[in-house]
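Chain residues, written in single-letter form:
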Amino acid sequence: MKVFNPDNTPISLYIHLPWCEKKCPYCDFNINVNKTLGDEEKLLGALFEDLSFSKKYILNRKFSSIYFGGGTPSLVSPMIIEKLITKLSNEGLIKDHCEISFELNPKEVSKEYLNDITNIGINRISIGIQSFDQIVLDSLERNHNAQQSLIAMETVAEFGKLETSIDLIYGVMEQSLSSLQNDLETFCKYNFNHLSLYQLTIEPNTIFYKRELKIPSDEIIESMESMAKRTLNQNEIYQYEVSSWAKNNMHSKHNMNYWMYGDYLGIGPGAHSKITTSESILRMIKLKKVDSYIKDPTKNIITKIDESKYDLDLAMNLLRIKNGISFKEAKKRNIFISKQFNQKVVTGIEAGLLEKDLFKATPKGYKFLNDTINLFN
Ligand SMILES: C[S@@+](CC[C@H](N)C(=O)[O-])C[C@H]1O[C@@H](n2cnc3c(N)ncnc32)[C@H](O)[C@@H]1O
Ligand code: SF4
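Thresholds applied
- Residues numbered from 1 in each chain as written.
- Chains lettered and ligands numbered in written order.
- Predicted model: local features only at pLDDT ≥ 70, side-chain atom pairs only at ≥ 80, totals over all residues.
- Helix = DSSP H or I, 4+ residues; strand = E, 2+ residues; numbered from the N terminus.
- Rg over C-alpha atoms; globule rule 2.2 N^0.38 Å.
- Buried ≥ 20, exposed ≤ 12 C-beta atoms within 10 Å, placed from the backbone.
- Contact = placed C-beta atoms within 7 Å.
- Near = placed C-beta within 6 Å.
- Nonpolar A, V, L, I, M, F, W, Y, C, P; charged D, E, K, R; others polar.
- Axes fitted to C-alpha atoms, helices over the stretch in contact; angles between N-to-C directions.
- Parallel < 35°, antiparallel > 145°, perpendicular 65-115°, else oblique.
- Left-handed = near helix turned anticlockwise from the far one by under 90°.
- Domains from an automatic or database assignment.
- Expected span 1.5 Å × (residues − 1).
- Core = buried A, V, L, I, M, F, W, Y, C linked by C-beta atoms within 7 Å.
- Arc of directions from axis to C-beta.
- Pairing = 2+ DSSP bridges.

(A) Spatial organisation of the overall build of the protein. The helix and strand inventory of the protein stands at 15 helices and 14 strands. In terms of C-alpha radius of gyration, the protein reaches 21 Å, essentially the compact-globule figure of 21 Å for 377 residues. When its C-alpha atoms are laid out on the principal axes, the protein stretches across 55 × 50 × 40 Å. Within the protein, the fraction of its 377 residues that count as buried is 37%. Taking the contacts inside the protein whose residues are at least 6 apart along the sequence as the reference set, 72% of them involve residues at least 24 apart.

(B) View of the site of ligand 2. As a structural note, the neighbourhood of ligand 2 is formed by Cys-20, Lys-23, Cys-24, Cys-27, Phe-29, Ile-31, Gly-70, Gly-71, Thr-72, Asn-105 and Gly-128. Each residue belonging to the shell around ligand 2 can be placed in one class, and the counts come to five nonpolar, five polar and one charged.

(C) Main features of the packing of helix α1 (residues 39-53) against helix α3 (residues 78-90). Where α1 contacts α3, the two axes come as close as 10 Å, and the packing angle between them is 15 degrees. On the basis of their axis angle, the class for α1 and α3 is roughly parallel. The element α1 and its partner α3 pack so that their crossing is right-handed. Contact residues: α1 offers Glu-40, Leu-44, Leu-47 and Phe-48, while α3 offers Ile-80, Lys-83, Leu-84 and Lys-87.

(D) Layout of the domain arrangement of the protein. Taken domain by domain, the protein holds domain 1 (6-257) and domain 2 (326-377). Taking only C-alpha atoms into account, the centre of domain 1 sits 30 Å from that of domain 2.

(E) Structural view of the site of ligand 1. Taken together, 15 residues lie around ligand 1, and Cys-27, Phe-29, Gly-128, Asp-167 and Tyr-198 are the ones closest in. Broken down by secondary-structure element, the contributors of at least two residues to the shell around ligand 1 are β4 (124-130) and β5 (163-170). Along the lines of polarity and charge, the residues of the shell around ligand 1 split into six nonpolar, six polar and three charged.

(F) Summary view of α3. Along its 13 residues, α3 runs 18 Å from first to last C-alpha, staying within 8% of the 18 Å computed at 1.5 Å per residue. Its buried side turned inward, α3 meets β1 (11-17), α1, β2 (63-70), β3 (94-104) and α4 (111-119). Where α3 ends, the next residue or the one after it, Gly-92, has phi of about 70 degrees, a positive value.

(G) Main features of the nonpolar core. In this structure, Ile-15, Leu-168 and Tyr-170 are the most contacted members of the largest nonpolar core, which totals 82 residues. Considering each element in turn, this core owes the most residues, five residues, to β1. Two domains share this core, each providing at least three of its residues, namely domain 1 (6-257) and domain 2 (326-377). Leaving out residues up to four positions away in the same chain, Tyr-170 has contacts with Gln-175, Leu-180, Leu-197, Gln-199, Met-224 and Ala-228.

(H) Geometry of helix α8 (residues 218-234). The first and last C-alpha atoms of α8 sit 24 Å apart over 17 residues, in line with the 24 Å expected at 1.5 Å per residue. Turning to α8, its buried residues are Met-224, Ala-228 and Leu-232. With its buried residues spanning 50 degrees around the axis, α8 presents them on a single face. More than 90 degrees from the buried face of α8, the exposed residues found are Glu-219, Glu-222, Ser-226, Arg-230, Asn-233 and Gln-234. For α8, the secondary structure elements touched by its buried residues are β5, α7 (177-189), β6 (194-199), β7 (237-241) and β8 (244-247).

(I) Here's a closer look at the pairing of β1. Within β1, seven of the seven residues are buried, leaving the element largely enclosed by the surrounding structure. Where burial is concerned, the two faces of β1 agree: the one with Ile-11, Leu-13, Ile-15 and Leu-17 and the one with Ser-12, Tyr-14 and His-16 are both buried. Bridge count for β1 against strand β9 (residues 263-267) is five bridges, and the pairing is parallel. The residue bridging Tyr-14 from the neighbouring strand is Gly-266, located in β9. In the sheet, β1 pairs with β2 via six bridges, with the strands oriented parallel. Counterpart to Leu-13 in the pairing with β2 is Ile-66.

(J) Structural detail: the packing of α7 against α8. Put simply, α7 and α8 touch, their axes get as near as 10 Å, and they point 25 degrees apart. With respect to their mutual orientation, α7 and α8 come out roughly parallel. In this structure, α7 crosses over α8, and the sense of that crossing is right-handed. Contact with α7, carried on its side by Leu-177, Leu-180, Gln-181, Leu-184 and Glu-185, involves Ile-220, Ser-223, Met-224, Met-227, Ala-228, Thr-231 and Leu-232 of α8 and no other residues of that element. Class assignment for the residues of the contact of α7 with α8 results in eight nonpolar, three polar and one charged.

(K) Representation of unusual backbone geometry in the model. Looking along the chain, the bond that leaves Gly-70 and enters Gly-71 is cis, with omega of 20 degrees. With respect to the element layout, Gly-71 can be found in the loop between β2 and α3. With a phi close to 35 degrees, Lys-161 is a non-glycine residue in the positive phi region.

The following block contains the structure:
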């Protein structure tokens, strides 16, 4: 039975550029600290091969957003980025008004670098500021300092003509409420439209996991969250997803596509994809090691989400959107809603966990998020 219709499902592209100068002790992203001369060209060749192989997943669609993530994309020469964007453009894969985002570490933010990347088509940047407080940056063992964080902000503000987001972290050892408040106020001062505010998580397989760390108590985390909401809302910046905040509804198109159950193709080492086929949803992961990926960029580890697991997968993504999604919007985005899904929604409404007129958890539904999600199991 044909259930899904991939041709009309929006699709975005994620390109993983894996290199970093050093591994941050809290990071469990797929990164590599051993870039040597010639590696960028080798990766470029593999990315091209991956893209040609992935045509069977892209079908006749064009990308509505492209995201260069990492790792530290700003360690890669703009010439390589230009070659990638030119290839995508020549193959007719870039949709009009495509959001093309690029992650930078503060140290690489300069007028020249911004000129280079905007000239080749980047129209949105995300800077990994983390904090403007040297104590917090030291706790995180970042390789940039508070002065560089501020200079990056000044440089981008002066440059203009770019949508800009920054990443800040809270819940760090030694971080006080007033330090976080100062970080948020500094962000607001620069009038950028977007903020990703992450709570520090201590992931297994990281250096921090093996240490005894004095992270703030649950009460302090709660005060940090309510202070953040107050400060940002006073500046007309509103939360639209667990970690995402925006002014003037300038949501990240790319991230919204993930949560609104769009398709995404991930190319590069360890990149994830979600692709709709006519019978199921495929979740795929590329080989993680840079060398292995370069040797075989077409190898994927594939998990099939069939009809029995579909409702849960869909609900888990849609519930991340703070303002919910209307059923009309879901239809417009070609999201398949099964009969059983609708029945589970009715059960959720009756239990007070879901709102009536759009797909959204009620305050009770958020409080008991596991129960809400389990409705769809
Ligand atoms: C994977 S990084 C890529 C961007 C860039 N390399 C950087 O670090 O700024 C994206 C964001 O994830 C954040 N991040 C990584 N590990 C984290 C963790 N364990 N808890 C919270 N945020 C984390 C980083 O601080 C960064 O802002
Ligand atoms: S710079 Fe970013 S991607 Fe690299 S190790 Fe640090 S947090 Fe991870």
